[in-house]
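Chain and residue survey
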Amino acid sequence: MDYIKLIDKYYNDSPELKQVLLQHSMQVRDRALEIGRRLAEQGTPVDLPFVEEAAMLHDIGIIYCNAPKIYCVGPHKYIEHGYLGAELLRQEGLPRHARVAERHTGSGITMDQIIREDLPIPVQDYCPETLEEKLVCYADKFFSKSHLNAECSPQKVRETIWRYGHDAVLRWNAIEALFL
């Protein structure tokens, strides 16, 4: 699967945003593959080609969102980028990649959280389930699209996750334990 061709299909008219997406996605891809290779060497089955593709496509939905600091000028709230990207990827015939896109935000988003916080996304669970979904979710937290040349420390990641409450931290702890 040629993920660059797919990104080009949706981002060629937005070169600044495309550059942000590519740089961030490559950082996530490299971190996810590094961890995935280590796990594979230790005997854990990991679909590394899929991890590469999914990491490169996990944020494809940002094109539809409004975040001017990173050149996003769409009509939707940024929290919607995961499920919007998933819809796009499903339309492209990539349901497995779509699951990664919709489940990578924070440490996952629960139905209860959507209802409690009145989030503008369809009510369902968006928590990563497979090892590959968790791997991309984990790697993503160390890289920001608004600070492309910086890598977040584990402490900074934890502080960010705390903003979403105790349940989010518990989910994060479980994901992090898989990859340390």
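Predicted, not measured: the structure shown is a model, and the values here were computed from it. (Residues numbered from 1 in each chain as written. Predicted model: local features only at pLDDT ≥ 70, side-chain atom pairs only at ≥ 80, totals over all residues. Heavy atoms only, no water.)

We now examine the overall build of the protein chain. Summing up its helical and strand segments, the protein chain has nine helices and two strands in all. Helices and strands appear in the protein chain in the N-to-C order α-α-α-β-β-α-α-α-α-α-α. Computed over C-alpha atoms, the radius of gyration of the protein chain comes to 15 Å, within 12% of the 16 Å expected from 2.2 N^0.38 for 180 residues, which places it in the range of a compact globule. Taken along the three principal axes of its C-alpha coordinates, the protein chain extends 40 × 40 × 30 Å. Residues classed as buried in the protein chain amount to 51% of the 180 residues present. Taking all contacts inside the protein chain whose residues are at least 6 apart in sequence as the whole, residues at least 24 apart take part in 62%. Carbon and sulfur atoms make up 53% of the accessible area of the protein chain, which totals about 9000 Å². Taken together, the 21 basic and 27 acidic charged side chains of the protein chain have centroids lying 2 Å from each other. (Helix = DSSP H or I, 4+ residues; strand = E, 2+ residues; numbered from the N terminus. Rg over C-alpha atoms; globule rule 2.2 N^0.38 Å. Buried < 20%, exposed > 50% of the residue type's maximum accessible area, 1.4 Å probe, protein only. Contact = heavy atoms within 4.5 Å. Areas by Shrake-Rupley, 256 points an atom, 1.4 Å probe, with all protein chains shown as cover. Lys, Arg positive; Asp, Glu negative; His and termini not counted. Charge placed at Lys NZ, Arg CZ, Asp CG, Glu CD.)

Attention now moves to helix α1 (residues 3-11). In an α-helix, one turn spans 3.6 residues; hence positions three or four apart end up facing the same way. Turning to α1, its buried residues are Y3, L6, I7 and Y11. Seen end-on, α1 carries its buried residues on one side only, within an arc spanning 115°. Facing away from the buried surface of α1 by more than 90 degrees, the exposed residues are K5 and K9. If you follow the buried residues of α1, they end up packed against α2 (15-41), α3 (48-57) and α4 (81-91). Sitting at the head of α1, D2 places a side-chain oxygen 3.2 Å from the backbone nitrogen of I4. (Arc of directions from axis to C-beta. Polar contact = N/O pair within 3.5 Å; in protein donor to acceptor, adjacent residues only side chain to side chain.)

Turning to the packing of α4 against helix α5 (residues 95-103), a few remarks are in order. At their nearest, the axes of α4 and α5 sit 7 Å apart, and the two run at 175° to each other. The angle between α4 and α5 falls in the class roughly antiparallel. Together, G82, Y83, G85, A86, L89 and R90 of α4 and P95, H97, A98, R99, A101 and E102 of α5 make up the contact between the two elements. Counted by class, the contact of α4 with α5 contains six nonpolar, three polar and three charged residues. (Axes fitted to C-alpha atoms, helices over the stretch in contact; angles between N-to-C directions. Parallel < 35°, antiparallel > 145°, perpendicular 65-115°, else oblique. Nonpolar A, V, L, I, M, F, W, Y, C, P; charged D, E, K, R; others polar.)

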